[in-house]
Amino acid sequence: MSSDRAGRRPFVAGNWKMHLVRREADALCRKLRDGAKALGSVLPEIAVFPSFPLLGTAVEALAASGIGVGGQDLRAEEWGAFTGDVSGRQLVDAGASWVLCGHSERRQLHGETDELVASKAVAAARVGLRPVVCVGESREQRRAGETFAVLDRQLAPLDALPGLLLAYEPVWAIGSGETATPEVAQVAHAHLRRRWGERFGSAALTLRILYGGSVTPENSTGLAAMPDVDGALVGGASLDPGRFLAIISSFAALARPSEELP
Ligand code: PEP
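Caption draft 1: Up close: helix 11 (residues 241-252). Relative to the 16 Å expected for twelve residues at 1.5 Å per residue, helix 11 spans 16 Å between its end C-alpha atoms, a close match to the ideal helical length. Burial in helix 11 covers these residues: Pro241, Phe244, Leu245, Ile247, Ile248, Ser250, Phe251 and Ala252. The N-cap residue of helix 11 is Asp240: its side-chain oxygen and the backbone nitrogen of Gly242 are 2.9 Å apart.

This is the structure we're talking about:
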């Protein structure tokens, strides 16, 4: 499967997890908005993923900035008696354009299965949200040589939905400060693209695959140089506007002049 980047605009996403309150979220968004503008016109696609109570704050602060906002999860059903859950319709109504599906913290802490994650991606696409589906192996699985088998199992129930992105997030690299080397990330990304191509043909050429797991300004340039790394899903470093903007800059070199912020 060719790794030609044509048609794959780089994408840098910030997962805020369960951090910040409205005042802090507003200040972070304003710094991001102004900082991204100062970086110039050729930028990767950018989005932040706040927790649900902060969505409105982020949407308002980033209005007309070209920086998108996404939810961190959704329930597959559109409405109903599901206390504590949020539907895709509600995310859209709050101004979100994206949603994370199957982040490893959801898989680990909430027991989300591959099938449930796939059903969430379908529900997201149905209401026009673009799902960012997270996949990745644990340290034990990598040590046991099961990385590809795990990725294959996680991919199996997924469909080539409109707008779907993958995020390869090896669990051992999330929040650990131990990022995958660019070469390790590239091998996994190339595997994901190859498998996508076996099932969906040329759709694999335009499938964007982000890397996530302790991405920092210190390692993002090396990751961005890999032909199948189309962007980054950033946790900790996305809470610091200077560091997040530096990561955005690493991927800006891959964006083309037509890909401009307003
Ligand atoms: C994440 O939350 O998806 C993530 C990759 O976190 P961190 O960058 O902090 O490892």
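Back to the write-up after that little detour.
Caption draft 2: Here's a closer look at the packing of helix 1 (residues 22-39) against helix 11. Here helix 1 crosses helix 11 at 35°, and the two axes come no closer than 10 Å. Considering how the two elements wind past one another, helix 1 and helix 11 form a crossing that is right-handed. Contacts between helix 1 and helix 11 involve Leu28, Lys31, Leu32, Gly35, Ala36 and Leu39 on the former and, on the latter, Pro241, Phe244, Leu245, Ile248 and Ser249. Of the residues that constitute the contact of helix 1 with helix 11, the class distribution is eight nonpolar, two polar and one charged.

Caption draft 3: Structural detail: the site of the ligand. As a matter of local geometry, the ligand sits amid 14 residues, with Lys17, Glu169, Gly175, Ser214 and Gly235 nearest to it. In this structure, Gly235 approaches the ligand through a main-chain N or O atom, which is 2.8 Å from an oxygen atom. Here an oxygen atom of the ligand sits 2.8 Å away from a polar atom, N or O, in the main chain of Gly236. Here the ligand loses 95% of its free accessible area of 290 Å² to cover by the protein chains. Residues belonging to the shell around the ligand are distributed by class as follows: four nonpolar, eight polar and two charged.

Caption draft 4: Focus on the packing of helix 7 (residues 147-155) against helix 8 (residues 182-200). It is the contact of helix 7 with helix 8, at a shortest axis distance of 11 Å, that shows an interaxial angle of 40°. Taken together, the axis directions place helix 7 and helix 8 in an arrangement best described as oblique. Like other packed secondary-structure pairs, helix 7 and helix 8 cross with a definite hand, here right-handed. Residues Phe148, Leu151, Asp152 and Leu155 of helix 7 touch helix 8, and the partners they reach there are Val187, Ala188, His191, Leu192, Arg194, Arg195, Trp196 and Arg199. Looking at the contact of helix 7 with helix 8, its residues break down into seven nonpolar, one polar and four charged.

Caption draft 5: Representation of the pattern of salt bridges within the structure. Taken as a whole and judged by the stated rule, the model has 21 salt bridges. As a salt-bridge pair, Glu78 and Arg126 come within 3.7 Å of each other at their nearest N and O atoms. With Glu78 in the loop between strand 3 (68-71) and helix 3 (88-94) and Arg126 in helix 5 (residues 114-126), this pair connects stretches of sequence that are 48 residues apart. A relative accessible area of 52% means that Arg126 is categorised as exposed. Note that Arg139 is salt-bridged to Glu178, the shortest N-O span being 3.0 Å. Here Arg139, found in helix 6 (residues 139-143), pairs with Glu178, found in the loop between strand 6 (165-168) and helix 8; they are 39 residues apart in sequence, far enough to count as distant.

Procedures and definitions
- Residues numbered from 1 in each chain as written.
- Predicted model: local features only at pLDDT ≥ 70, side-chain atom pairs only at ≥ 80, totals over all residues.
- Heavy atoms only, no water.
- Helix = DSSP H or I, 4+ residues; strand = E, 2+ residues; numbered from the N terminus.
- Expected span 1.5 Å × (residues − 1).
- Buried < 20%, exposed > 50% of the residue type's maximum accessible area, 1.4 Å probe, protein only.
- Polar contact = N/O pair within 3.5 Å; in protein donor to acceptor, adjacent residues only side chain to side chain.
- Axes fitted to C-alpha atoms, helices over the stretch in contact; angles between N-to-C directions.
- Left-handed = near helix turned anticlockwise from the far one by under 90°.
- Contact = heavy atoms within 4.5 Å.
- Nonpolar A, V, L, I, M, F, W, Y, C, P; charged D, E, K, R; others polar.
- Near = heavy atom within 4 Å.
- Areas by Shrake-Rupley, 256 points an atom, 1.4 Å probe, with all protein chains shown as cover.
- Parallel < 35°, antiparallel > 145°, perpendicular 65-115°, else oblique.
- Salt bridge = Lys/Arg side-chain N within 4 Å of Asp/Glu carboxyl O.

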